[in-house]
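Chain and residue survey
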Amino acid sequence: MRAAAARVQLPVVVLRDFYVSIVRGPSQRGLLLGPFPTHRAALARVSNVRAYVLTLDAMAGFDQFGTASRARSTHPRPGRLNGHLAHLLEEGPTTC
């Protein structure tokens, strides 16, 4: 009798785009800046984006800022503040 060959299941790798995100209340969420190729790049910009949003809306102090990701696509969705914070989209220093 022939022994059954062991099957190795390889993990499926899904490439992700990362964003600086905002959550306001239980149902309002938004992608503010991005996409970035790594979580670290998005995370490094959270405090700068939060500071900018606070200049626009004092109630943003009650919002939650962090990161979010989406499956990478050929037409990535731009963050809502990309036009205002284009200098933060570049890799490198993240101070305002």
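Above: the structure in question.
1. A short note on the overall build of the chain
Summing up its helical and strand segments, the chain has two helices and three strands in all. Across the 96 residues that make up the chain, the buried fraction comes to 30%. The long-range share in the chain, meaning contacts at least 24 apart out of those at least 6 apart in sequence, stands at 66%. When the accessible surface of the chain is totalled, it reaches about 7100 Å², and 58% of it is carbon and sulfur.

2. Topic: the nonpolar core
Within the largest apolar cluster, 16 residues are counted, with the highest numbers of intra-cluster contacts made by Leu-32, Leu-33, Val-49, Val-53, Phe-65, Leu-81 and Leu-85. Looking at this core, the elements that each hand over two or more residues are strand S1 (16-24), strand S2 (28-36), helix H1 (39-43) and helix H2 (46-56). Among all residues touching Phe-65, those that are not within four sequence positions of it are Ser-21, Ile-22, Leu-32, Val-46, Arg-50, Val-53 and Ala-60.

3. What about the layout of surface pockets?
With a probe scaled to a water molecule rolled over the atoms, the places where space remains empty come into view. Looking at the largest pocket, its volume works out to about 200 Å³. Ile-22, Arg-24, Gln-28, Arg-29, Gly-30, Leu-32, Val-53, Leu-56, Asp-63 and Leu-81 are the residues that line the largest pocket. If you list the elements that add at least two residues to the lining of the largest pocket, you get S1, S2 and H2. Sort the elements by how many residues they give to the lining of the largest pocket and S2 lands first, with four residues.

4. So, the sheet that holds S2
Reading across from one edge, S2-S1-S3 is the order of the three strands in this open sheet, with antiparallel pairing throughout. At either end of the open sheet lies a strand with only one pairing partner, and these are S2 and strand S3 (64-71). Within this sheet the neighbouring strands show an average axis-to-axis angle of 35 degrees, counted without direction. As defined by bridge partners, S1 adjoins S3 across eight bridges and the pair is classed as antiparallel. Bridge assignment links Val-20 to a residue of S3, and that residue is Thr-67. The strands touched by H2 within the sheet are S1, S2 and S3, with S3 carrying the most contacts at an inclination of about 120 degrees.

5. Regarding H2
Turning to H2, its buried residues number three or more, namely Val-46, Asn-48, Val-49 and Val-53. Down the axis of H2, the sector holding all buried residues measures 165 degrees, keeping them to one side. Those residues of H2 that are exposed and aimed more than 90 degrees away from the buried face are Ser-47 and Thr-55. Along its buried surface, H2 packs onto S1, S2, H1 and S3.

6. Observations concerning the pairing of S2
As judged from the six bridges shared by S1 and S2, these two strands associate in the antiparallel manner. Across the sheet, the residue bridging to Phe-18 is Phe-36, located in S2. Two successive antiparallel strands, S1 and S2, enclose a turn made up of three residues, where Gly-25 displays a positive phi of approximately 70 degrees.

7. Structural notes on the side chain of Ser-21
You can see Ser-21 is positioned in strand S1. Apart from residues no more than four positions distant in its own chain, Ser-21 is found in contact with Gly-30, Leu-31, Leu-32, Gln-64, Phe-65, Gly-66, Thr-67 and Ala-68.

Scoring rules and cut-offs
- Residues numbered from 1 in each chain as written.
- Predicted model: local features only at pLDDT ≥ 70, side-chain atom pairs only at ≥ 80, totals over all residues.
- Heavy atoms only, no water.
- Helix = DSSP H or I, 4+ residues; strand = E, 2+ residues; numbered from the N terminus.
- Buried < 20%, exposed > 50% of the residue type's maximum accessible area, 1.4 Å probe, protein only.
- Contact = heavy atoms within 4.5 Å.
- Areas by Shrake-Rupley, 256 points an atom, 1.4 Å probe, with all protein chains shown as cover.
- Core = buried A, V, L, I, M, F, W, Y, C linked by side-chain atoms within 4.5 Å.
- 1 Å grid on protein atoms, 1.4 Å probe; cavity = no way out; pocket = protein on both sides within 12 Å on 5 of 7 lines; lining within 4 Å.
- Points joined across faces, edges and corners; volume = space filled by probe spheres on them.
- Pairing = 2+ DSSP bridges.
- Axes fitted to C-alpha atoms, helices over the stretch in contact; angles between N-to-C directions.
- Arc of directions from axis to C-beta.

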